[in-house]
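The primary structure of each chain is shown beneath.
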Amino acid sequence: MESELLSTSFPIDTAFKRDRHVRFLEMMYELLPSEYEAQEINTLTIAYFVLSSLDILDALDSINKQAVANWVLSFQDHPRNEGELNSGKFYGFHGSRSSQFRPDINGTLNGNGGHLASTYSALAILKIVGYDFSLIDSKSIAISMKNLQQHDGSFMPIHTGAEADLRFVYCAVSISYMLDNWSGMDKEKAKEYILNCQSYDGGFGLSPGLESHGGATYCAIASLRLMGFIEDDLLSKGASSSIIDVPLLLDWIMQRQAADGGFQGRPNKSSDSCYAFWVGGVLRILGGHKLISKEALLGFLLTCQSQYGGFSKFPGQFPELHHSYYGFCGSSLLEQAGLNSLCVELGITYRAVHGI
């Protein structure tokens, strides 16, 4: 009943409203609503959602790119000497100011180091604003990232007290790819961990033995592609020699498009706008994006398009940045007119990847 009421709360546009989305994002760039206070620890990720969305919409002209780069760089944790790189701590980027612990009265820095997801977001933003990556302290990131890889090939996001799963394997792979430095991880061990996450039904769980999930499946396939273990457009090149079970994966993926045209992340779940990217992205990498109903998926996304700009998770709800970003990503994959093309594997535009 609640979902029915929500679905009739707002008018549904049948066209993509680019200018409205740009205004929504520019407002978020200037000042976030108070509801985002609880997500302060994810400041860099929120900034990534805003800036990458503006890039997809080809609307970065109003952004002070150098100021953004300086702000992002201020979140990196730096070792005081070479010896600290082997201390177990990760010298990546902090997610927010609150996670940058101040030194004690003796000048000693205590507490947490960088976070893999925040480091991915930081490097993605720096790519988006065209920062020169030769100026980044990539050595500290790569050497200390070794401390996060576990014996089974997975990664923890921080140096202590955290879970290890495919999300952070993907972050480590993307970081290595963007830095063009693979010394911070054992690719073979990461590959074996990913392969162990493919389930009996063809999808991938976040860790071995867990239920298949659209987001985890994206992390698995994008990571394998970035590391060079699978080819692009596998379906047209013959999947029989692939290290993954492609036919079983494709069968699981194709079943994720629901009757309303949207994608679900798991069986028996409602369609959700973000899976236009997570599931749609896997199909794009495999070369199977032409097998789905593009018109139906686009139609579902437009029911999640807000009259205020941005996208909501489900039709008729208020927009927020997480689902807005992946709504824009999904729209780009569907080749919506006026949007920059997306590099599916990295989650940023090709323009940002190549520094155009």
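The structure this text deals with has already been given above.
This report concerns the structure included in the present document. These figures come from a predicted structure and were not determined experimentally. (Residues numbered from 1 in each chain as written. Predicted model: local features only at pLDDT ≥ 70, side-chain atom pairs only at ≥ 80, totals over all residues. Heavy atoms only, no water.)

**Points about the packing of helix α6 (residues 138-145) against helix α7 (residues 166-179)**
- Running from N to C, α6 and α7 point in directions that differ by 145 degrees, and their axes come no closer than 11 Å. Crossing of α6 against α7: the hand is left-handed. Facing α6, whose interface residues are Ser 138, Ile 141 and Met 145, α7 presents Ala 172, Ile 175, Ser 176 and Leu 179.
- A per-class count over the contact of α6 with α7 returns five nonpolar, two polar and no charged. (Axes fitted to C-alpha atoms, helices over the stretch in contact; angles between N-to-C directions. Helix = DSSP H or I, 4+ residues; strand = E, 2+ residues; numbered from the N terminus. Left-handed = near helix turned anticlockwise from the far one by under 90°. Contact = heavy atoms within 4.5 Å. Nonpolar A, V, L, I, M, F, W, Y, C, P; charged D, E, K, R; others polar.)

**Section: the nonpolar core**
- By size, the foremost hydrophobic cluster in this structure holds 106 residues, and its most contacted members are Leu 116 and Leu 166.
- Per-element tally for this core: the top contributor is α7, with 10 residues.
- Those residues within four positions of Leu 166 in sequence are excluded, and the remaining contacts are Tyr 193, Ile 194, Cys 197, Phe 204, Gly 205, Leu 206, Ala 216, Cys 219 and Ala 220. (Core = buried A, V, L, I, M, F, W, Y, C linked by side-chain atoms within 4.5 Å. Buried < 20%, exposed > 50% of the residue type's maximum accessible area, 1.4 Å probe, protein only.)

**Concerning the packing of helix α11 (residues 246-254) against helix α12 (residues 275-286)**
- One can describe the packing of α11 onto α12 by two numbers: an axis separation of 10 Å at closest approach and a directional angle of 145 degrees. Of the two elements, α11 crosses α12, and the hand of that crossing is left-handed. Across from Leu 249, Leu 250, Ile 253 and Met 254 in α11, the residues of α12 making contact are Val 279, Val 282, Leu 283 and Leu 286.

**Details of the pattern of salt bridges**
- On inspection of all chains with the given rule, the structure shows 12 salt bridges.
- Residue Glu 188 pairs with Lys 191 through a salt bridge whose shortest N-O separation is 3.1 Å. One end of the pair, Glu 188, and the other, Lys 191, are both in helix α8 (residues 187-196), three residues apart, so they sit about a helical turn from each other.
- A relative accessible area of 13% places Lys 191 in the buried class.
- One salt-bridge network, in which partners are shared between bridges, spans Glu 163, Asp 165 and Arg 167. (Salt bridge = Lys/Arg side-chain N within 4 Å of Asp/Glu carboxyl O.)

**Remarks on the side chain of Ser 53**
- Looking at the element boundaries, Ser 53 is found in helix α3 (residues 43-56).
- Among all residues touching Ser 53, those that are not within four sequence positions of it are Leu 25, Tyr 48, Tyr 325 and Phe 328.

**Observations regarding the state of the cysteines**
- Applying the stated criterion across every chain yields a total of zero disulfides.
- Counting only cysteine sulfurs, Cys 304 is the nearest neighbor of Cys 274, a cysteine outside any disulfide, at a range of 9.9 Å.
- Since its relative accessible area comes to 1%, Cys 304 is described here as buried. (Disulfide = S-S within 2.5 Å.)

**Some points on α7**
- Over its 14 residues, α7 extends 20 Å from the first C-alpha to the last, a length consistent with the 20 Å expected when each residue adds 1.5 Å.
- Counting buried residues in α7 gives 12 out of 14 residues, a clear majority hidden from the surface.
- Of all the residues in α7, the buried ones are Leu 166, Phe 168, Val 169, Tyr 170, Cys 171, Ala 172, Val 173, Ser 174, Ile 175, Ser 176, Met 178 and Leu 179.
- Next to the buried residues of α7 lie α5 (116-128), α6, α8 and α9 (214-226).
- Of the residues trailing α7, Asp 180 is marked for its positive phi of about 55 degrees. (Expected span 1.5 Å × (residues − 1).)

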